[in-house]
Amino acid sequence: MERPHPLVTGLKAVVIVAIVVIMVCPLLTVVLTSFASPEAVLWFGVWPSSWTLSAYKSVLGGGIVTRAMTVSVAVTVIGTVASTAVTAMLAYGLTRTRHAPGLRGVLWLVLVSMLFSAGIIPNFLVVKSLGLVDSYAALILPTLVSAFNMVVMRSFFMEIPAEVLDAARIDGANEVRVFWSVVLPLSRPVMAVIALFYGVSYWNAFFNALIYLNTPTKWPVQLVLNQFVLQGSPLDQMENPDIGATAPQAVQMAVVVIATLPILLIYPFVQRHFTKGMMLGAVKG
Amino acid sequence: MTQLTTSGGSGTTSSPASAEEVTAAPRSATPSLGTRIWRERYAYLMVVPGLVYFLLFHYLPLAGIVIAFQDYSPFLGFAGSRWVGFDNFLAFASDVDFAATIANTLVISGLQLLLAFPLPIALAVLLNSLLSERVKRLVQSVVYLPHFLSWVIVISVWQQVLGGAGAVSQALQAAGMDPLTVMSDPSTFKFLVTAQVIWKDTGWGTIIFFAAISGISSELYESAACDGASAWRQIWHVTLPALVPVISLLAILRLGDVLTVGFEQLLLQQPSVGAEAAQVLDTFTYFRGVRGNDWGIGAAAGLLKGIVGTALVLGANRIARRFELGGIL
């Protein structure tokens, strides 16, 4: 390939740098602000003149944010395990459509569900009539299985050579055994991708908690974040007596940082697997 | 990518199974239905939890649609509430918020199709033209990141940078100027929403185009270069034509989704700009139905959206099929 014109190269570099700055600077601003001490002046609105960890101390000192983090972590872990397990079982069962009468109908039921949604209110009424309102189960059960994830997993399972599975069956393994000892070990990459998909969506989930939880002490961190940072209502003074002493903006940003941290921690894995998974899906088609 | 999975789904079902059929079909004595079911009992067992989930949380709610035709009261339930025919739909159509709700939904959707949709294509082509693999990887990991942040976090970050008390405003005030008002200005709100979508999802949107670009044979570029085509002309005559099928498919699917605009994103920002600028069909359903206890009207608005939306998705798929671009079912 001929060398591109230096002017073109320069222009590209400017655009790339601009993009990176636009993406990174806002996040950096948030992190820097969270370390500002109460009496600090923010130079250019960004760089604190004096630094402190007091925002983090007050937020993690056992108040509502600490509790919300616990709720979010628990819901994410339990939800991810449950969702991945149920999705994998469903996906494997539905690879048997040719052998088990009726399963083709179940497959269609799942696929067709991607085309419509009954809507917010009918869904709310079902959750309510199941007695799940104000329970943590309401944060998991209504979004337990994603049809999209099931389809991705199923098409991965279908790629496993039939001879491998038949060999296990001839050795007397039943389908549960085949699934557990043959299919799952061969499917680690897709299991990782799907588990990450579920994990991120449980961590980020906001709306279900908003409509199904009435008790603020049960709130996950996204809801606390909304109430405290976006709607500007103070965290309960009784729960966090230090808050008055800290620059409120620093405290707000500390909550943002804490709520983002888990995503940042798993991001390297996420990026590798997700893009691979997306490519996988794309190439498959 | 949507097309892929499902067409992959239906495509793959037939292929491995056909091999199975060849061995099974010639046998004259087919086992009885009962035997076949018993033999696959574990497959049925594994399907049960997932099936129950879909029935409970996707199909059972369909029954709740009836309240769109009722003067629903939670105390009386479905059975006790009065039937009112299409009154809820008429009430929705003559509601003071009706015109703004429909207009906001369509304008925001249109802006996103016009401004946010083309950017991933441009970014993918740009990144693909970079010679250094390391720079490309680095930029990719930066631009994908916001896709994984929740809307609450994204809006908090924007608030901190562009809000009235945010970084830019503080800097402006230090220089003796007025603080910014973009985060709470109803007149520019639709552009703000579009800009947020661009910031959050442009990077992620490039992935599907990367997949398409990586499928282009390098011979095409080599022969174009031999014919003296510049880098620009190679993009114009080789890369973009190869992307046309993906672009058309995504555009059609997006059109099928025209009534769905970032629900959480709008819900979260409605308090700061007001309903006049930020009410869309989904938020109307939420505020009227769930919050305002106007169950009937909320359900009617939701049902209207559901029917038109499903029809559009099906129509979009049909068009995609007609042009042989694939489809989701």
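Residues numbered from 1 in each chain as written. Chains lettered and ligands numbered in written order. Predicted model: local features only at pLDDT ≥ 70, side-chain atom pairs only at ≥ 80, totals over all residues. Heavy atoms only, no water.

### Quick look at the overall build of chain A
- Each helix and strand counted, chain A has 12 helices and 2 strands in total.
- Out of the 285 residues in chain A, the part that is buried amounts to 52%.
- Once local pairs closer than 6 in sequence are excluded, the contacts in chain A between residues at least 24 apart make up 70%. (Helix = DSSP H or I, 4+ residues; strand = E, 2+ residues; numbered from the N terminus. Buried < 20%, exposed > 50% of the residue type's maximum accessible area, 1.4 Å probe, protein only. Contact = heavy atoms within 4.5 Å.)

### Describing the packing of helix H13 (residues 231-256) of chain B against helix H17 (residues 295-322) of chain B
All names here are of chain B.
- Look at H13 against H17: their axes get within 7 Å of each other, and the N-to-C directions meet at 160 degrees. Relative to H17, H13 is oriented roughly antiparallel. Seen along the crossing, H13 lies across H17 with a hand that is right-handed. In this structure, H13 uses Leu249, Ile252, Leu255 and Gly256 to contact H17, whose residues at the interface are Gly309, Leu312, Val313, Ala316, Ile319 and Ala320.
- The residue inventory of the contact of H13 with H17, partitioned by class, reads 8 nonpolar, 2 polar and no charged. (Axes fitted to C-alpha atoms, helices over the stretch in contact; angles between N-to-C directions. Parallel < 35°, antiparallel > 145°, perpendicular 65-115°, else oblique. Left-handed = near helix turned anticlockwise from the far one by under 90°. Nonpolar A, V, L, I, M, F, W, Y, C, P; charged D, E, K, R; others polar.)

### Structural notes on the interface of chain A and chain B
- At the junction of the two partners, chain A supplies 103 residues and chain B supplies 97 residues.
- Both faces considered, chain A and chain B share a buried interface measuring about 8,800 Å² in area, 78% of it formed by carbon and sulfur atoms.
- One can count 1 salt bridge joining chain A with chain B.
- The tally of links between chain A and chain B comes to 16 residue pairs in polar contact (both at pLDDT 80 or more).
- If one sorts the elements of the side of chain A that touches chain B by residue count, helix H12 (residues 248-284) of chain A sits on top with 16 residues.
- Taken together, the residues that form the side of chain A that touches chain B break down as 72 nonpolar, 21 polar and 10 charged. (Buried area = accessible area lost by both parts, 1.4 Å probe. Salt bridge = Lys/Arg side-chain N within 4 Å of Asp/Glu carboxyl O. Polar contact = N/O pair within 3.5 Å; in protein donor to acceptor, adjacent residues only side chain to side chain.)

### Examining the side chain of B:Gln196
Residues and elements named next belong to chain B.
- When you line up the elements, Gln196 lands in helix H11 (residues 189-214).
- A polar atom in the side chain of Gln196 sits 2.9 Å from the side chain of Gln265.
- A distance of 2.9 Å separates a polar atom in the side chain of Gln196 from a polar atom in the side chain of Gln269.

### Regarding the confidence of the model for chain B
Residue and element names in this part refer to chain B.
- For chain B, the average pLDDT comes to 84, and 89% of its residues sit at 70 or higher.
- Ranking the elements of chain B by mean pLDDT puts helix H1 (residues 2-24) last with 42 and helix H3 (residues 41-63) first with 95.
- Note on residues 1-26: pLDDT under 50 across the span, and 41 contacts to partners over four residues away in sequence or across chains.
- The complex model carries a pTM of 0.86, and its ipTM stands at 0.88. (pLDDT = per-residue confidence, 0-100.)

### Focus: the environment of B:Tyr144
All names here are of chain B.
- Here Tyr144 lies in helix H8 (residues 133-144).
- Here Tyr144 falls in the buried class, since its relative accessible area comes to 3%.
- In this structure the C-alpha to C-alpha distance between Tyr144 and Leu119, which are 25 residues apart in sequence, comes to 14 Å.

### Looking at unusual backbone geometry
- Phi at A:Asp134 takes a positive value of approximately 70 degrees, unusual for a residue other than glycine.
- Among the secondary structure elements, A:Asp134 is positioned in the loop between helix H5 (120-129) and helix H6 (147-159).
- Unlike most non-glycine residues, B:Asn293 shows phi in positive territory, near 60 degrees.
- By the secondary structure assignment, B:Asn293 is in the loop between helix H16 (281-291) and H17.

### With respect to the side chain of B:Gln234
- Residue position: B:Gln234 is located in helix H13.
- Taking relative accessible area as the criterion, B:Gln234 reaches 8% and is therefore assigned buried.

### With respect to the pattern of salt bridges
Residue and element names in this part refer to chain B.
- Evaluation of the coordinates by the stated rule reveals 9 salt bridges over all chains.
- For Asp71, the salt bridge goes to Arg82, with nearest N and O atoms at 3.5 Å. Here the residue Asp71 occupies a position in strand E1 (residues 70-71), and Arg82 occupies one in strand E2 (residues 82-83), the gap between them amounting to 11 residues.
- On the basis of relative accessible area, Asp71 is assigned to the partly exposed category, the value being 42%.
- One salt bridge in this structure joins Asp95 and Arg288, with 2.6 Å as the shortest N-O distance.

### Observations regarding the environment of A:Leu107
Residue and element names in this part refer to chain A.
- Secondary-structure assignment places Leu107 in helix H4 (residues 103-112).
- Since its relative accessible area comes to 5%, Leu107 is described here as buried.
- Separated by 13 residues in the primary sequence, Leu107 and Leu94 place their C-alpha atoms 6.5 Å from one another.

### Observations concerning the packing of H6(A) against helix H9 (residues 188-204) of chain A
Residues and elements named next belong to chain A.
- Packing of H6 against H9 leaves a shortest axis separation of 10 Å and a crossing angle of 175 degrees. Judged by the angle between their axes, H6 and H9 are roughly antiparallel. Residue-level inspection shows Asn149, Val152, Met153 and Phe156 of H6 in contact with H9, the latter providing Val190, Met191, Ile194, Phe197 and Tyr198.
- Class assignment for the residues of the contact of H6 with H9 results in 8 nonpolar, 1 polar and no charged.

### Some remarks on the environment of B:Leu60
- With respect to the helices, strands and loops of the structure, B:Leu60 is situated in helix H3.
- Judged by relative accessible area, B:Leu60 falls into the partly exposed class, the value being 40%.
- For B:Leu60, the contacting residues outside a window of four places in its chain are A:Val126 and B:Leu55.

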